[in-house]
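# Structure assessment
One-letter residues, chain by chain:
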Amino acid sequence: MTSTRERRGPAREAGRTSAPPDRSRRGRRTEAERQRTRPRPNRRKEIRRRWVALLTLLTIVGGVYLLFFSSLLGVKNVEVVGAKSVSADQIRAAAAIQDGKPMLRVDVDGIRDSIAELSGIATVEVSRSWPNTVEIAVTERTAIAFFDSGPGGDGFHLVDGGGVVFKTVKIRPAGIPQLKLPKVSVDDPVTRAVTSVLGAIPQPLQKQVTSASAKTPGSVEFTLADGKTVRWGSAEQADRKAKVLAALLTQPGKVYDVSAPELPTIS
């Protein structure tokens with residue numbers, strides 16, 4: 001008779017030989033499970049982030065409006081520096097800056113160009129001085145010579161060191177020489193050469209010059225108050241020519257030629 005223990009043996013053996021459970025998946029979750037169990041963001045934090053974003057946007061929009069469209073940071077003052085013969089009112093009129101115009105919308109380049117068209121102005125600088133002031137600094141032209149328009153003309157024309165004719169007066173100017181040229185114009189090389197020489201010579205000598213002339217840019221000459229004539233030549237080597245001329249003027253003569261300073265002559 002077969003015992004019960006013997007009969008149960010094969011069954012147990014069969015159970016023992018069955019495939020063991022797959023322990024490699026133990027503790028793992030599917031993506032769907034993870035999505036379901038993932039913690040949701042805190043609603044208060046989400047609302048706070050939205051408010052911060054909204055306030056940031058409003059701040060940017062408000063800043064743009066304040067800078068570009070509001071008169072709070074608009075022009076209230078236009079200061080002019082350096083104006084003497086050209087009045088500050090003339091300069092402000094040429095600038096044409098609207099009162100209250102936002103500072104960032106002020107066209108400083110355009111204003112500079114408009115003021116530069118005034119005949120008596122040599123250089124212009126325009127800048128913003130926050131919060132409400134536009135500053136305009138000008139350098140006026142200085143007359144270095146004049147020319148006479150002659151009988152029936154409109155007066156005496158003032159010329160600066162660059163050959164620019166910038167002003168007309170009715171009374172003959174004192175203390176500056178007369179230009180005796182066929183024509184006077186900033187576009188004329190002879191005019192520019194003569195005015196360049198007059199601007200380069202030492203001031204004590206410049207005060208003695210009563211008239212200046214030239215036929216070519218390299219043949220500038222001028223007359224002194226005592227009647228002596230100086231043949232200067234071109235505008236080059238101005239310092240050397242001035243030193244040589246100072247020595248020559250100590251000697252008697254009528255014509256002093258320093259056009260070639262290494263070989264000066266007196267006649």
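Computed from a predicted structure; not experimentally measured. (Residues numbered from 1 in each chain as written. Predicted model: local features only at pLDDT ≥ 70, side-chain atom pairs only at ≥ 80, totals over all residues. Heavy atoms only, no water.)

### Some remarks on the overall build of the chain
To keep it simple, the criterion reads: Labels follow the DSSP assignment, with helices taken as runs of H or I lasting at least four residues and strands as runs of E lasting at least two, numbered in each case from the N terminus. For every residue, the accessible area (1.4 Å probe, protein chains only) is compared with the maximum for its type, and the residue is labelled buried under 20%, exposed over 50%, or partly exposed between those bounds. Working rule for contacts: check all heavy atoms of both residues, and any pair within 4.5 Å makes them a contact. Surface accessibility in these figures is a Shrake-Rupley result with a 1.4 Å probe; residues are shielded only by whichever protein chains are displayed.
The secondary structure content of the chain amounts to eight helices and 12 strands. When the 267 residues of the chain are sorted by exposure, 29% land in the buried category. Across the chain, the fraction of contacts at a sequence separation of at least 24, relative to all contacts at a separation of at least 6, is 43%. Of the roughly 17,900 Å² of accessible surface on the chain, a fraction of 53% belongs to carbon and sulfur atoms.

### Observations concerning unusual backbone geometry
At the junction of Trp-130 and Pro-131, the peptide bond is cis and its omega measures out at 10 degrees in the coordinates. Positionally, Pro-131 belongs in the loop between β2 (121–129) and β3 (133–140). Phi is positive for Ala-96, close to 50 degrees, though the residue is something other than glycine. Within the secondary structure, Ala-96 sits in the loop between α4 (88–95) and α5 (108–116). For Ala-96, a relative accessible area of 60% corresponds to the exposed category. Of note, Gln-237 is a non-glycine position whose phi angle comes to about 55 degrees, a positive value.

### As for α5
The cut-off we apply is this: Think of the arc as the fan of directions from the helix axis to the C-beta atoms.
What α5 keeps buried is the set Val-108, Ile-111 and Ile-115. With its buried residues spanning 60 degrees around the axis, α5 presents them on a single face. Contacts from the buried residues of α5 go to α4, β2 and β3.

### What to know about the nonpolar core
Applicable threshold: Side-chain atoms within 4.5 Å are what join buried Ala, Val, Leu, Ile, Met, Phe, Trp, Tyr and Cys residues into a set we call a nonpolar core.
Ranked by size, the top nonpolar core spans 29 residues in total, and within it Leu-179, Val-194, Leu-198, Ile-201, Phe-222 and Trp-232 carry the most contacts. Residue assignment for this core shows that the elements contributing at least two residues are β4 (145–148), α6 (189–200), β8 (209–213), β9 (220–224), β10 (229–233) and α8 (238–248). For Val-194, the contacting residues outside a window of four places in its chain are Leu-179, Leu-181, Ala-212, Ser-213, Ala-214 and Val-220. Ranked by size, the runner-up nonpolar core spans 18 residues in total, among them Val-75, Ile-111, Ile-121 and Val-138.

### Considerations on the pairing of β3
So the rule is basically this: Only when DSSP finds a minimum of two bridges between them are two strands counted as paired.
Note that strand β1 (residues 77–81) and β3 share five bridges and pair parallel. The residue of β3 that forms the bridge with Glu-79 is Glu-135. By the bridge criterion, eight bridges tie β2 to β3 in an arrangement that is antiparallel. The residue of β3 that forms the bridge with Glu-125 is Ala-137.

### Some details on a nonpolar patch on the surface
Rules: Patches here are clusters of residues that have more than 30% relative accessible area and form no salt bridge, with a 9 Å joining cutoff for like charges and a 5 Å cutoff for nonpolar side chains (Val, Leu, Ile, Met, Phe, Trp, Tyr). Here, a salt bridge means any side-chain nitrogen of Lys or Arg that lies within 4 Å of a carboxyl oxygen of Asp or Glu.
Together, Ile-47, Trp-51, Leu-54, Leu-55 and Leu-58 line one region of the surface with nonpolar side chains, adding up to about 500 Å² of accessible area. For Ile-47, the location among the structural elements is in helix α3 (residues 43–68).

### Some details on the packing of α4 against α5
So the rule is basically this: Note on geometry: axes are C-alpha line fits, over the in-contact stretch for helices, and angles between N-to-C directions span 0 to 180 degrees. Put simply, angles under 35 degrees are roughly parallel, angles over 145 are roughly antiparallel, angles from 65 to 115 are roughly perpendicular, and the rest are oblique. Crossing handedness follows the turn of the near helix against the far one: under a right angle anticlockwise gives a left-handed crossing, and clockwise gives a right-handed one.
Relative to each other, α4 and α5 sit at 130 degrees, their axes nearing to 8 Å. As the angle between them shows, α4 and α5 are arranged oblique. Two packed elements cross with a definite hand, and for α4 against α5 that hand is right-handed. Counting all contacts with α4, which are made through Ile-91, Ala-94 and Ala-95, the residues of α5 involved are Ile-111, Ser-114 and Ile-115.

### Notes on the sheet that holds β2
Taken together, three strands build an open sheet; the order of strands is β1-β3-β2 and the sheet is mixed. Either end of the sheet is taken by a strand with one partner, and the two such strands are β1 and β2. The average undirected angle you get between the axes of adjacent strands in this sheet is 20 degrees. Packed onto the sheet, α4 meets β1, β2 and β3 and runs at close to 125 degrees relative to β1. Strands β2 and β3 of the sheet are contacted by α5, whose axis makes an angle of about 155 degrees with β2.

### So, the confidence of the model for the chain
Put simply, the test is: Known as pLDDT, the predictor's per-residue confidence is scaled from 0 to 100.
Per-residue pLDDT for the chain has a mean of 86; in total, 81% of the residues score no lower than 70. In this model, residues 1–7 is a region of pLDDT below 50 whose contacts with residues beyond four sequence positions or in other chains number one contact. Taken as a whole, residues 9–15 scores under 50 in pLDDT and shows zero contacts with residues more than four places along the chain or in a different chain.

### Concerning the packing of aromatic side chains
Put simply, the rule reads: What counts as a ring pair is set by centres within 6.5 Å for rings of Phe, Tyr and Trp (its six-membered ring), and what kind of pair is set by the plane angle: stacked under 30 degrees, edge-to-face over 60, tilted for all other angles.
The final tally for this structure, using the stated rule, is two aromatic pairs. Ring geometry for Phe-146 versus Phe-156: centroids 5.9 Å apart, planes at 75 degrees, classification edge-to-face. Here Phe-146, found in strand β4, pairs with Phe-156, found in strand β5 (residues 156–159); they are 10 residues apart in sequence, far enough to count as distant. By relative accessible area, which is 1% here, Phe-146 ends up buried. Taking 5.9 Å as the distance between ring centres and 40 degrees as the angle between the ring planes, the aromatic pair formed by Phe-222 and Trp-232 counts as tilted. In this pair, Phe-222 sits in strand β9 while Trp-232 sits in strand β10, placing the two residues 10 residues apart along the sequence.

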